[in-house]
Amino acid sequence: SVLHITGGNTAGSGQIGGNISLSKVNSTRPGAVLAAVQTSSDPDQMGLAVYTHASSSTSNTVSEKFIITHAGNVGIGTSYPGSELEIYADSPRLTFDGGSNTTVQGINFARLGITYGGVRYNQSEDYLYFSVSQSERIDTSGRMLVGTSSSVATGFNQGANIQIFDDTGSFAVRRGAANEFGPTIALGKTRSTTDGSFQIVNNDDSLGAIRFTGDDG
C-alpha cells in the first residue's frame, strides 16, 4: 500500500508539494516539515527538503535547512546546490570526529572504487598529509615535508620549515609575467616574534644565508 500526500497549487521552481508537518512539543504549531519541492522549472523534477523552526518565537514559520534535488545533489543552507554536496553558511565547516580512537581521518579521491589520492589526518601522531603515498605532509610542528615523512636536521638545517627529499632534490621558482622582472627569493630578519610587526635588528645579526652541506660519512 502507498500513502499519497498531495499539496501545493502552483507549479514553479521552489514550490512545495505534498508535505508532512511535525508539531512542537504539546502544540499544534509546526516544529519541522518534510516536503516535496520542485527543484527546477520542470514541474516533474521534484526533490525533498527538510524545514525546521529555528526561531524562539511562537510563529508558525519554518525555514529550509536541507534539500536533496531531483538530480540527487545535497544542499545544506542552499536551495540550489550545484554539486553533489554544497554547504552554504557564514563560516561553513565539515567535521570528521574520530572520537577516542587514534585513527586516520580524511577524504579519499577515487575512480571506479580505486583510491588514487586524498587528504588525511593522522590523529595519533598529529599530522596532516596529502596526495599519493604521503608524498606531502604537514607535521605537528607545522613543517611542510615533501617526499619524506619525517623532519631531518642536516648541517645548519635544524628541522627546517620546508624540507624536500627525493632522487632529484630539486626546487624550482618561475615567474610568469609580461614585464622585465624575474622570480625573487627574499630572506628577511626581524627581532619581533609577532607576525606582521617589526623590530629593528642589532649589529652583527645575520640577515639570512644559503648554505651547502653534504654527508661526511
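Look up: the structure comes first, before these words.
Everything numeric in this text was worked out from a predicted model, so none of it was measured. (Residues numbered from 1 in each chain as written. Predicted model: local features only at pLDDT ≥ 70, side-chain atom pairs only at ≥ 80, totals over all residues. Heavy atoms only, no water.)

A. Summary view of unusual backbone geometry. Even without a glycine there, the phi angle at Asp 126 is positive, about 60°. Position of Asp 126 relative to the elements: it lies in the loop between strand S8 (114–122) and strand S9 (127–130). Located in the positive-phi region is Asp 204, a residue other than glycine, with phi close to 75°. Its location among the elements puts Asp 204 in the segment after strand S12 (162–164). (Helix = DSSP H or I, 4+ residues; strand = E, 2+ residues; numbered from the N terminus.)

B. Examining the sheet that holds S9 more closely. On the basis of which strands lie adjacent, the open sheet formed by six strands has the order S7-S8-S9-S10-S11-S12 and mixed pairing. Every other strand in the sheet has two partners, leaving strand S7 (104–111) and S12 as the edge strands with one partner each. Taken over all neighbouring pairs, the strand axes of this sheet differ in orientation by 15° on average, direction set aside. As paired elements, strand S10 (residues 136–138) and strand S11 (residues 144–146) share three bridges and run antiparallel to each other. In the strand pairing of S11, Ile 138 is matched with Met 144. (Pairing = 2+ DSSP bridges. Axes fitted to C-alpha atoms, helices over the stretch in contact; angles between N-to-C directions.)

C. Structural detail: the nonpolar core. Formed by Val 33, Ala 35, Val 37, Ala 49, Tyr 51 and Ile 67, the largest nonpolar core amounts to six residues. Residue assignment for this core shows that the elements contributing at least two residues are strand S2 (30–38) and strand S3 (46–52). Take this core: its biggest share by element is three residues, from S2. (Core = buried A, V, L, I, M, F, W, Y, C linked by side-chain atoms within 4.5 Å. Buried < 20%, exposed > 50% of the residue type's maximum accessible area, 1.4 Å probe, protein only.)

D. Spotlight on the sheet that holds strand S1 (residues 16–23). Within the open sheet, the six strands sit side by side as S1-S2-S3-S4-S5-S6. Their pairing is mixed. Taken across any chain shown, the strands that pair with only one partner, and hence form the sheet edges, are S1 and strand S6 (85–87). Adjacent strand axes in the sheet meet at a mean angle of 20° when their direction is disregarded.

E. Representation of the side chain of Thr 78 in the model. Along the polypeptide, Thr 78 turns up in the loop between strand S5 (74–76) and S6. Overall, Thr 78 belongs to the buried group, its relative accessible area being 16%. One polar contact links the side chain of Thr 78 to the main-chain amide nitrogen of Tyr 80, over a distance of 3.3 Å. If we skip the residues at most four places from it in the chain, Thr 78 touches Glu 64, Ile 67, Glu 86 and Tyr 88. (Polar contact = N/O pair within 3.5 Å; in protein donor to acceptor, adjacent residues only side chain to side chain. Contact = heavy atoms within 4.5 Å.)

F. Focus on the pairing of S8. As judged from the eight bridges shared by S7 and S8, these two strands associate in the antiparallel manner. Bridge assignment links Gly 106 to a residue of S8, and that residue is Arg 120. Where S7 folds back onto S8 in an antiparallel hairpin, the turn is made up of two residues, including Leu 112, whose phi is positive at roughly 55°. Alignment of S8 against S9, held across four bridges, turns out to be antiparallel. Within S9, the residue paired with Arg 120 across the bridge is Tyr 129. Turn length for the S8-S9 hairpin, with the two strands adjacent in sequence and antiparallel, is four residues, and the turn residue Asp 126 shows positive phi of about 60°.

G. Up close: the pairing of strand S4 (residues 63–68). Direction of pairing for S3 relative to S4: antiparallel, over a ladder of five bridges. By the bridge assignment, Leu 48 is partnered in S4 with Ile 68. In this sheet, S5 lies alongside S4 in antiparallel orientation, the contact comprising three bridges. Directly across from Ile 67, in S5, lies its bridge partner Gly 75. Connecting the antiparallel pair S4 and S5 is a turn made up of five residues, with Gly 72 showing a positive phi of about 90°.

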